[in-house]
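# Observations on chain architecture
Residue strings, one per chain:
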Amino acid sequence: MSDEPQPQQPNQSGGGPTEPPGAAEETKGGEKKTKRPGRTGWRRIIPTWRTVLGTFVIGILLLIGLFFLGYSMVKIPAANAFATKQSNVFLYADGSQLARDGEVNRENVTLAQVSADAQHAVLAAEDRDFYTESAVDPKAMLRAAWNTATGKGTQSGSTITQQYVKNYYLAQEQTVTRKVKEFFISIKLDRSESKADILEGYLNTSYFGRNAYGIQAAAQAYYGKDATDLDPARAAYLAALVNAPSEYDVVAHPENKAAAVARWNYVLDGMVKKGWLSQSKRAGMKFPMPKEQTASTGMSGQRGYLVEAVKSYLVKNKIVDADSLEAGGYRITTTIQKDKQNAFVKAVDDKVMSKLDKKNNKADNYVRAGGASVDPKTGNVVAMYGGIDYVKQYTNGATRGDFQVGSTFKPFVFASAVDNGSTTQSGQTITPNTYYDGTNKRAVQGWPGGSYAPENEDEKSYGEITVRKATDLSVNAVYAQMAVDVGPSKVKQTAVDLGIPSDTKDLQPYPSIALGTATASVLDMAEAYATLANHGKHGTYTMVQKVTRDGTEDIKLPQSPTKQAVSRQAADTTTSILQSVVDNGTAIAAQAAGRPAAGKTGTAEEDTAAWFAGYTPDLATVVSVMGQDPVTAAHKSLYGALGLARINGGGAPTEIWSQYTKDALEGTTASSFDLDLQPGAETVAPPSQNPATPGTGGQDNGGTTGGNQDNGGTTGGAQDNGGTTDGSTTAGPTDGGTTDGSTTDGSTTSGTTTSGTDSGTTTSGTDSGTSTGTTTDGTSTGTTTGTTDAGTTTGTTAGDDGGGGFGFQ
């Protein structure tokens, strides 16, 4: 090989000789510098450090730009509709839960209403560094993504702030867009809200299984406790549920108990590690088994009736408007007492519902019932019966106002008479001892509005009869005339003052008002009777003790001032004649309550409803058994129901009332009525009143009317109740009477009665006679001569209890 230098080869482009590697190139100043060797081969695909650095810087700048762009573009939205939707919680008077309404089982509470143990347990389970970390944790997010990708289980990697944002502001879908929004909203929220507010929101929006949203609903669903009462063990279990609500319910999935207990231990260990729980207390803990899951009953049974009645009360009294109630979040403590409520349901079931044979007796399909019970002293509704089951029978029997109240309205007529100092048309003051003509279909006198001749029940005539006895036997003819004597408009006003709504259908100022043509509700009637029980003092009934919203805001309740609706003498004298109805009249079944009681039975037209309205000094309760076609909703007569020819007020309604009242007041001391009676309201009618034309209200107490009478006269045959016969008078409620034989109701023998009761002899067989009566003890002395169909009666009476031998009861 030649040592001579080789000639240079031209480059491929023909641009002159190629310089060897490392050749120097001349600069503008004439200096030479070494040129960087070119990258050849595989090295050419490796980016230089300058490229890497440049790309990194550009990337960082881009990310910063994107961050600020996203931060500026993503706004904190309004809460999603589901997150703000709550149930309203209804409580019994003792604070125990009655019902929840709404589709979402959630009750928001403040952080102060969540026990510290519960707060710490959730933090230990979900985000132990919540109070010190930032709103997002990129490292945890990356770790969660890696674990998910490598099959170690799906993990969120989200902080409590991020989870709250997802629950409260966003939806639950797993998308990149949602995650990006979650990221930015979390950062913004962390800057605008305190950690305590975020934790509170998280606790109220997290799902714990059993359809329970929020820690309060969960505490009730699993342990029947409020969140404020959660101890570490129970709190740790609820905190464990957040991770897998369905799987960790050890009642629903006992096969997963081991995993649930492991998660429970993880939470407790975290609490110890963070110093929120002592090791010694942790060591002694046992797994707290939750209660059995209660089947979702919603508004079934009495719950729906009570909830709807309370809602109606809140809206009607402008305490909460309907739209706000729909949004939820209210905690409503009612006046309903759990023990009395249960007693009411049992009484209706025992006396009516358990006896129905709907398959074999068509009439039994029509039977419905309604009841309401009020504390007379407070006006609190303590119990209510709405129907057999709200989800099967929607209409509330206690609040519906479409059945006539019947003769339960008659006490209002008498109370109005006493309160207004009314007199009969002959000028006699109306008292329990005033005599009226109880003849069936007797036309009322003194009414300018046309002829009105009401029919007594079973078309029964009673002749001359006292107001007290007419009340015992519910005589329509007497009370229609009394309504005219008082003035139908005054009667209506008294009813309204006692508590009957003025707009009640068919509450019209006509004589028929006395017969109960008005269709007041059971609850309205209970309010009115509670006024009588409270000596005429009326306070509008209430169903609510307390209302709060979102656990903090107390809603102001309206004041219910008590006013004297009727005078005490009017109310108390009415009570005295209603006591007689229980002792001697159509409501003797009420004696089974074992308490001093007053009340009135009633029957609607065509026997579509039977009523009993009664009270003790401590409790006023009204019961109605009604007939309604389950398909057409038409009112139906109750003939044949319960296997009886008819249902009247003295039957099933009074029996329900008696059992309920006895059970509701069990364990309390029986109170007696403290009555202030109107002058002349003696227990037994006086021996005589001034003669008056029949039909005017003032009656002659010295003779008997011709023909047969069912009550209150002397006849030659038989009487239905409490009179004088040719044979014997059996023991029973009478105002005094004489016989030709013997009387067993007052130690009377051979026509002579001693002990200050009455003494007289009745002789049958004459068309006219003279009746002479002498009353001693400073009452009255007088002789009355009258024409009778049955002999001459002579009697001497000592004391106010004497009824004389005049035959009127």
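Because the structure is a prediction, the values reported are computed rather than measured.

### Let's talk about the overall build of the protein chain
The helix and strand inventory of the protein chain stands at 21 helices and 24 strands. Out of the 809 residues in the protein chain, the part that is buried amounts to 50%. If you take every contact in the protein chain between residues at least 6 apart in sequence, the share linking residues at least 24 apart comes to 66%. Summing over all exposed atoms, the protein chain offers an accessible surface of approximately 36900 Å²; the carbon and sulfur share of this is 50%.

### Quick look at the sheet that holds strand β13 (residues 544–549)
Overall, mixed pairing links the five strands, which are arranged β4-β3-β7-β13-β14 in an open sheet. Each edge of the open sheet is held by one strand with a lone partner, namely β4 (97–100) and β14 (553–554). Two elements, β13 and β14, share two bridges in a ladder whose sense is antiparallel. Opposite R549, over in β14, you have E553 as the bridge partner.

### Focus on empty space enclosed by the protein
Within the structure shown, the criterion is met by two cavities of 30 Å³ or more. Here the lining of the second largest cavity is composed, by residue class, of five nonpolar, two polar and two charged.

### Considerations on the sheet that holds strand β16 (residues 598–603)
With antiparallel pairing, the five strands of this open sheet are ordered in space as β9-β8-β18-β17-β16. In this open sheet, the two strands that pair with only one neighbour each are β9 (381–385) and β16. For this sheet, the mean inter-axis angle between neighbouring strands, taken without regard to orientation, is 5°. Examined bridge by bridge, strand β17 (residues 609–615) and strand β18 (residues 620–627) share seven bridges and lie antiparallel to one another. Residue pairing for β18: F612 is matched across the bridge by V623. In the packing of helix α21 (residues 652–664) onto the sheet, contacts are made with β8 (367–374), β9, β16, β17 and β18, and the angle to β18 comes to roughly 145°.

### A short note on the environment of M525
Locating M525 in the fold gives a position in helix α19 (residues 522–533). The buried category is assigned to M525, whose relative accessible area is 0%. When the C-alpha positions of M525 and G499 are compared, they lie 7.4 Å apart, and in sequence the two are 26 residues distant. Those residues within four positions of M525 in sequence are excluded, and the remaining contacts are V405, T408, F409, F412, I500, A520, W611 and V622.

### Concerning the environment of G301
As for its position among the elements, G301 is in the loop between α11 (279–283) and α12 (303–316). By relative accessible area, which is 22% here, G301 ends up partly exposed. Separated by 91 residues in the primary sequence, G301 and K392 place their C-alpha atoms 8.8 Å from one another. Apart from the residues within four sequence positions on either side, G301 is in contact with D389 and Y390.

### Quick word on the packing of aromatic side chains
This model, assessed by the stated rule, comprises 15 aromatic pairs. Residues F130 and Y131 carry aromatic rings whose centres are separated by 5.1 Å and whose planes lie at 75° to one another, so their mutual orientation is edge-to-face. On the accessibility criterion, F130 (1% relative accessible area) is buried. Aromatic side chains Y615 and F673 sit 5.9 Å apart centroid to centroid with 85° between the ring planes, which places their arrangement in the edge-to-face category. Here Y615 is found in strand β17, whereas its partner F673 is found in the loop between α21 and β19 (748–749), with 58 residues between them in sequence. Residue Y615 is classed as buried on the basis of its relative accessible area, which comes to 0%. Three or more aromatic residues link up through ring pairs in this structure, and these residues are Y222, Y223, Y237, W264 and F287. Taking the ring centre of Y266 as reference, the NZ or CZ of R128 above it sits at 4.5 Å. Its guanidinium or amino end placed over the ring of Y223, R234 lies 5.4 Å from that ring's centre, counting from NZ or CZ.

### Some points on the pairing of β16
One face of the sheet, then the other: side chains in a regular strand alternate in exactly this way. Taking burial as the measure, the six residues of β16 include five buried ones, the bulk of the element. Hairpin remark: β16 followed by β17, antiparallel, with five residues in the connecting loop; positive phi at E606, about 60°.

Criteria and cut-off values
Residues numbered from 1 in each chain as written. Predicted model: local features only at pLDDT ≥ 70, side-chain atom pairs only at ≥ 80, totals over all residues. Heavy atoms only, no water. Helix = DSSP H or I, 4+ residues; strand = E, 2+ residues; numbered from the N terminus. Buried < 20%, exposed > 50% of the residue type's maximum accessible area, 1.4 Å probe, protein only. Contact = heavy atoms within 4.5 Å. Areas by Shrake-Rupley, 256 points an atom, 1.4 Å probe, with all protein chains shown as cover. Pairing = 2+ DSSP bridges. 1 Å grid on protein atoms, 1.4 Å probe; cavity = no way out; pocket = protein on both sides within 12 Å on 5 of 7 lines; lining within 4 Å. Points joined across faces, edges and corners; volume = space filled by probe spheres on them. Nonpolar A, V, L, I, M, F, W, Y, C, P; charged D, E, K, R; others polar. Axes fitted to C-alpha atoms, helices over the stretch in contact; angles between N-to-C directions. Phe/Tyr/Trp six-rings, centres within 6.5 Å; stacked < 30°, edge-to-face > 60°. Lys NZ or Arg CZ within 6 Å of the ring centre and 35° of its normal.

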